[in-house]
Amino acid sequence: QVQLVESGGGLVQAGGSLRLSCAASGRTFSNPAMAWFRQAPGKEREFVAAISRGGGTTNYGDNVKGRFTISRDNAKNTVYLQMNSLKPEDTAVYYCAASNVPYIARTYNYWGQGTQVTVSS
């Protein structure tokens, strides 16, 4: 089993920055590909970013390209999401997810509880 715990959310003004962290643990955790998703009230869950096991491959959702950066530290079993130039429409609960494979894929098997990000205008 894999456990994911997000942290770093909060309230920030538009134009500001936040860094989210996702700490992974569990006997079966093998540093697979990981991703961030978000869900705003009344909206469907949206893909934000993903990163492969070694960090050499990353993907971003169109709404965050050029503003958000995903990275990871496998020695710490932690994935980060650096969010810059935040906009009110970035307000959402952000979820960390882990797959069962080392490359970026469509399916994620493990999910964290989420951390709230609120951007004020």
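Residues numbered from 1 in each chain as written. Predicted model: local features only at pLDDT ≥ 70, side-chain atom pairs only at ≥ 80, totals over all residues. Heavy atoms only, no water.

## Describing the nonpolar core
Point 1. Leu4, Trp36, Leu81, Met83 and Tyr94 are the most contacted members of the largest nonpolar core, which has 28 residues in total.
Point 2. Listed by contribution, the elements that provide at least two residues to this core are strand 3 (18–25), strand 4 (34–39), strand 5 (46–51), strand 7 (68–73), strand 8 (78–83), strand 9 (92–98) and strand 11 (115–120).
Point 3. Counting residues in hydrophobic clusters, the runner-up holds five residues, among them Ala35, Ala50, Ala97 and Tyr108. (Core = buried A, V, L, I, M, F, W, Y, C linked by side-chain atoms within 4.5 Å. Buried < 20%, exposed > 50% of the residue type's maximum accessible area, 1.4 Å probe, protein only. Helix = DSSP H or I, 4+ residues; strand = E, 2+ residues; numbered from the N terminus.)

## A closer look at the state of the cysteines
Point 1. For the structure on display, the rule yields one disulfide.
Point 2. Paired through a disulfide, cysteine 22 and cysteine 96 show a sulfur-sulfur distance of 2.0 Å. Between cysteine 22 and cysteine 96 the sulfur-sulfur dihedral comes to about -75°; the bridge is accordingly left-handed. One end of the pair, cysteine 22, is in strand 3; the other, cysteine 96, is in strand 9, with 74 residues separating them in the sequence. Take cysteine 22 and cysteine 96: they sit in the same class, and that class is buried. (Disulfide = S-S within 2.5 Å.)

## Concerning the packing of aromatic side chains
Two aromatic rings are characterised by how far apart their centres lie and by the angle between their planes.
Point 1. With the rule as written, the count across this model stands at three aromatic pairs.
Point 2. Geometrically, the ring pair formed by phenylalanine 37 and phenylalanine 47 is edge-to-face, given 5.6 Å between the ring centres and 70° between the ring planes. One end of the pair, phenylalanine 37, is in strand 4; the other, phenylalanine 47, is in strand 5, with 10 residues separating them in the sequence.
Point 3. Centroid distance phenylalanine 37 to tryptophan 111: 5.0 Å. Interplanar angle 50°. Geometry classified as tilted. Placement of phenylalanine 37 in strand 4 and of tryptophan 111 in strand 10 (residues 110–111) is noted, with a sequence separation of 74 residues between them.
Point 4. On the accessibility criterion, tryptophan 111 (29% relative accessible area) is partly exposed.
Point 5. By the ring-pair criterion, three or more aromatic residues cluster together here, those being Phe37, Phe47, Tyr108 and Trp111. (Phe/Tyr/Trp six-rings, centres within 6.5 Å; stacked < 30°, edge-to-face > 60°.)

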